[in-house]
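Residue-level structure breakdown
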Amino acid sequence: MKIISKRGMSGLTELLVTLVFIGGILIWLSLPWSLPIAIKYLKTDYINNSYFFSFIIIFLYITGALSLIVVYQIRKFFNSINNNTPFIRQNERALKIIGYACFAISVCFFIKDIFYPTILTIIVTMIFIIAGFFGIVLGEIFQQAVDVKKENDMTI
Amino acid sequence: MGIIINLDVVMAQRKIKSGELAKRVGITNANLSILKNNKAKAIRFSTLEAICKELECKPGDILEYESE
């Protein structure tokens, strides 16, 4: 299986990310109806807390919107890879947006951890902090790559 | 301007057209016009060699240095 090709791994990733993006939008829009169903299956003591539902729904709206931004940028990124033009300014911006959005998500999760800590969300907080650093550093690397590519294109 | 490319002068002397030279040297027309218009940042030795071979000239005939 080819790695960078429309019919290879990167094309498959773009398809998966597109599906996640569409599914994410549907879940995000249906939160007021889908959240009570999800909470019914949750085995947590926080359900008895009267503020839990309103907190979680606001929390999920904010982090959901940020996650959709991240997924949309990843989709754009893979789209450019599949068009064989990965080293463009747009990708550098996309990676930095991903980085900052991940930081914002980790802040939201940190606030949640203060009021309703669970082991899983603490792990997610850490993952998003690392993802944030990763996105910003990778964006900076891409900036250098774009400059090198431009230099190379101007060498005849 | 530093280094100036006199490619069009040599090409006029040899009576060769841009498209023809690009094809024989093995670079695209767009890249040749970047080179001719002094927009190029660098030139590979292999390209320079191919141009010199096709135009039967020396690098000095194509490239010229002019102090500021």
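A brief look at the structure comes next.

Analysis parameters
- Numbering of residues starts from 1 in every chain and runs along the sequence as written.
- Chain A is the first chain written and ligand 1 is the first ligand written, with later ones labelled in order.
- In view of the model being predicted, local features appear only for residues whose pLDDT reaches at least 70, and side-chain atom pairs are presented and counted only at 80 or more, with totals across whole chains, interfaces and linings using the full set of residues.
- The basis for every side-chain value is the complete set of non-hydrogen atoms in the structure, without hydrogens or water.
- The term salt bridge refers to a side-chain nitrogen of Lys or Arg lying within 4 Å of a carboxyl oxygen of Asp or Glu.
- Secondary structure elements follow DSSP: runs of H or I no shorter than four residues count as helices, runs of E no shorter than two count as strands, and numbering proceeds from the N terminus.
- To sort residues, take the accessible area from a 1.4 Å probe on protein chains only and compare it with the maximum for the residue type: under 20% means buried, over 50% means exposed, and anything in between is partly exposed.
- Contact definition: two residues touch when any of their heavy atoms are within 4.5 Å.
- Computed with a 1.4 Å rolling probe, the buried area is the accessible surface lost when two parts are put together, summed over both parts.
- Think of a polar contact as two N or O atoms within 3.5 Å of one another; within protein, one of them needs to be a possible hydrogen donor and the other a possible acceptor, and neighboring residues in sequence only count if both atoms come from side chains.
- For this scheme, ten residues count as nonpolar: Ala, Val, Leu, Ile, Met, Phe, Trp, Tyr, Cys and Pro. Four count as charged, namely Asp, Glu, Lys and Arg, and the remainder, Gly too, count as polar.

Description of the pattern of salt bridges
If the charged atoms of two oppositely charged side chains come close together, the side chains can form a pair. Tallied over the full model, the rule gives 9 salt bridges over all chains. For Glu 92 of chain A, the salt bridge is made with Arg 89 of chain A, and the minimal N-O distance between the two is 2.7 Å. Of this pair, Glu 92 of chain A and Arg 89 of chain A both sit in helix α4 (residues 89-115), 3 residues apart, roughly one helical turn. Owing to a relative accessible area of 37%, Arg 89 of chain A belongs among the partly exposed residues under this scheme. Where Arg 24 of chain B meets Glu 20 of chain B, a salt bridge forms, and the shortest distance between an N and an O atom there is 3.2 Å. Highlighted residues: Arg 24 of chain B and Glu 20 of chain B, both in helix α2 (residues 18-25), separated by 4 residues, approximately one helical turn. Overlapping salt bridges bring together Arg 89, Glu 92, Lys 96, Glu 140 and Asp 147 of chain A as one network.

A closer look at the interface of chain B and chain A
Counting from both sides, the interface comprises 11 residues of chain B and, opposite them, 6 residues of chain A. Interface area for chain B against chain A, summed over the two sides, is near 760 Å², with a carbon-plus-sulfur share of 59%. In this structure, the connection of chain B to chain A is made through 1 salt bridge. At the boundary of chain B with chain A, the tally comes to 5 residue pairs in polar contact (both at pLDDT 80 or more). Looking at the side of chain B that touches chain A, the element that brings in the most residues is helix α3 (residues 29-36) of chain B, giving 3 residues. Taken together, the residues of the side of chain B that touches chain A break down into 6 nonpolar, 2 polar and 3 charged.

What about the side chain of Ser 10 of chain A?
Note that Ser 10 of chain A resides in helix α1 (residues 9-29). Reaching out from Ser 10 of chain A, the side chain makes a polar contact with the backbone oxygen of Ser 5 of chain A at a distance of 3.2 Å.

Keep in mind these numbers describe shape, not what the thing actually does.
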